[in-house]
Amino acid sequence: MRPVDLIVIGGSAGSLQVILALLAEMQALSMPLLIVLHRNGGFESTLEGLFATRTNLPIKEVEEKDILQPGTIYLCPADYHVLLEKDHTFSLDYSERVNYSRPSIDVTFRSAADVYGPGLVCVLLSGGNADGTEGLLYVKAKGGYTIAEDPATAEVPYMPQQAVSRKTVDVVVPTEDLPGFVEALSRYGIPG
Amino acid sequence: METPPIRYEEMDLLLNDLYSRYGYDFSEYSKASLLRRIQRLFTLDKFPSFAEFRYRLQTDIHYFRRFVEEITVNVTEMLRDPGFYRTLRTNILPVLATYPFIRIWHAGCSTGEEVYSMAILLKEAGLLHKSLLYGTDINPQVIEKARKGIFPVSQMQKYSENYIQSGGVKDFSSYYTANYHLAKFDSSLTQKMIFSTHNLVSDFSFNEFQLILCRNVLIYFERDLQSKVFKLFDYSLEKFGYLALGSKESLRFSSIADRYRQVGKEKIWRKVHEAG
């Protein structure tokens, strides 16, 4: 077992229910957790509020230069890429969309892997585009641990399916087991 | 999976080279964004090794220019965040109207979309005739584009929606002439604009303004550089002038914060006291 330093969850279409279930499972956390969710602008406050109904942990939309705090759940703001700096602060980036997406899951996975290496856990959820797969490849190359929601049970299978077929994931977890799985990982560490 | 193209330590070498060779200082840019941009360029231009990339940058000034153009972020749009422009219309322009002459600085204006947005607002408020808009950027190529005032027609629908949401009541298409896939903005707008290169890291204040806009630029700077730039803006702003930042940027943690008041909910601050 090795300790987890950061968990990053990437989700797109059909991932909201899984994220809510996952948050409900997370009532104590010894590392930060970051959610990269594809969404339209204009939902910010609604989404933060909705998340807050599921967990006692503090929920915060990422602001630039925020220092990552253990036990805090961070949400990427709409329309910005979120990157991580070596001093464990966030950077925001308004450059071109990646995979038609901003925030892009690939961008955050990669950047997190540069800083956290083997202490990083990345989870790729339901979605209808190919974002996240390149990022997971990079995370694995840097020694991180990668999880995909099982495409067979995901609401929109395409995104996790891309990751699975490119052999970028350490473990594929059925939707209903995912919250418990990630929670156990945060508590006991990464196997192996 | 190939190995990562460029590592943090290699980027540091590169930044040192560029400073000693060309005098451009990127050492206080946010490293994660910068690394990503540099990796992107390295891949795009298909360099076989870091050593060759580094050598090319040291020896070829034309390639260095390309480097500056590619690693700076040039994504912008007209009337982005319509609520912000609505506040400009309703709260800020009526105050600026009381001045005999209005000077506005768009710092880091990229291809100029925000400068044209501002000119439209000023025109509709009947203030453009007594205004001057300065647009500056580190990147000479985007400044050249900004001067031309030609943007893709494909963007116009989006801009027109932004315009309406910002409180515009005219026909947005009356501000440009469409020709094939390009839209050229009216020369009555361009006449009041001055574009020039300016590096926020190393260049000084060049005038005094009543409004400075610098949106989505500071997110690429580390904290120390941000405070230097805030001081530059503070020095370049008249008392009771306004400073406008991007939707995720803030004056809150800066050393000038206690002399500024935020205007409503938007990221606009008014200078209420001069430096002591």
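These numbers were taken from a predicted model, which means no experiment stands behind them.

(A) Region of the structure containing the interface of chain A and chain B. Counting residues at the interface gives 18 residues for chain A, matched by 14 residues for chain B. Elements that contribute at least two residues to the side of chain A that touches chain B include exactly strand S5 (81-84), strand S6 (90-93) and helix H4 (133-141) of chain A. Considering each element in turn, the side of chain A that touches chain B owes the most residues, three residues, to S6 of chain A. A per-class count over the side of chain A that touches chain B returns eight nonpolar, three polar and seven charged.

(B) Representation of the nonpolar core in the model. Judged by nonpolar contacts, the single largest core of 128 residues is most densely connected at Ile-35 of chain A together with Ala-119, Ile-212 and Leu-243 of chain B. The residues touching Ala-119 of chain B, leaving out its near neighbours within four places in the chain, are Leu-128, Leu-133, Leu-189, Lys-192 and Met-193 of chain B.

(C) Spatial organisation of the pairing of strand S2 (residues 131-137) of chain B. Residue and element names in this part refer to chain B. Most of S2 is tucked away: six of the seven residues are buried. Following the chain from strand S1 (residues 102-107) across helix H6 (residues 113-124) to the adjacent parallel S2, one finds a crossover that is right-handed. Note that S2 and strand S6 (residues 193-197) share five bridges and pair parallel. Looking at the pairing, Gly-135 lines up with Phe-195 of S6.

(D) Expanded view of the sheet that holds strand S4 (residues 73-75) of chain A. Residue and element names in this part refer to chain A. The parallel open sheet is built from seven strands, whose spatial order is S3-S4-S2-S1-S7-S8-S9. The open sheet has two edge strands, strand S3 (59-61) and strand S9 (171-173), and neither has a second partner. The average undirected angle you get between the axes of adjacent strands in this sheet is 20°. In terms of strand pairing, strand S7 (residues 120-124) meets strand S8 (residues 145-149) through four bridges, oriented parallel. Bridge pairing in S8 links Val-121 to Tyr-145. Against the sheet, helix H1 (residues 16-25) engages strand S1 (6-11), strand S2 (33-37), S4 and S8, with an angle of about 155° to S1.

(E) Spotlight on H4 of chain A. Residues and elements named next belong to chain A. Counting buried positions along H4 gives seven out of nine residues, so the element sits mostly inside the fold. Those residues of H4 not exposed but buried are Thr-133, Glu-134, Gly-135, Leu-136, Leu-137, Tyr-138 and Val-139. In this structure, the buried side of H4 is in contact with helix H3 (105-116), S7, S8 and helix H5 (158-165). Phi for Gly-143, located one or two positions after H4, is positive at around 90°.

(F) Inspection of unusual backbone geometry at higher detail. Cis rather than trans, the peptide bond between Arg-102 of chain A and Pro-103 of chain A has omega equal to 5°. The topology assignment puts Pro-103 of chain A in the loop between S6 and H3. Backbone geometry at Lys-167 of chain A places phi at a positive 55°, although glycine is not the residue there. Inspection of the secondary structure assignment puts Lys-167 of chain A in the loop between H5 and S9. Positive phi values are uncommon outside glycine, yet Asp-81 of chain B reaches one of about 60°. On the secondary structure map, Asp-81 of chain B appears in the loop between helix H4 (61-71) and helix H5 (82-96). Judged by C-beta crowding, with 19 C-beta atoms within 10 Å, Asp-81 of chain B ranks as partly exposed.

About the thresholds
Residues numbered from 1 in each chain as written. Chains lettered and ligands numbered in written order. Predicted model: local features only at pLDDT ≥ 70, side-chain atom pairs only at ≥ 80, totals over all residues. Contact = placed C-beta atoms within 7 Å. Helix = DSSP H or I, 4+ residues; strand = E, 2+ residues; numbered from the N terminus. Nonpolar A, V, L, I, M, F, W, Y, C, P; charged D, E, K, R; others polar. Core = buried A, V, L, I, M, F, W, Y, C linked by C-beta atoms within 7 Å. Buried ≥ 20, exposed ≤ 12 C-beta atoms within 10 Å, placed from the backbone. Right-handed = clockwise from strand over helix to strand, strands pointing away. Pairing = 2+ DSSP bridges. Axes fitted to C-alpha atoms, helices over the stretch in contact; angles between N-to-C directions.

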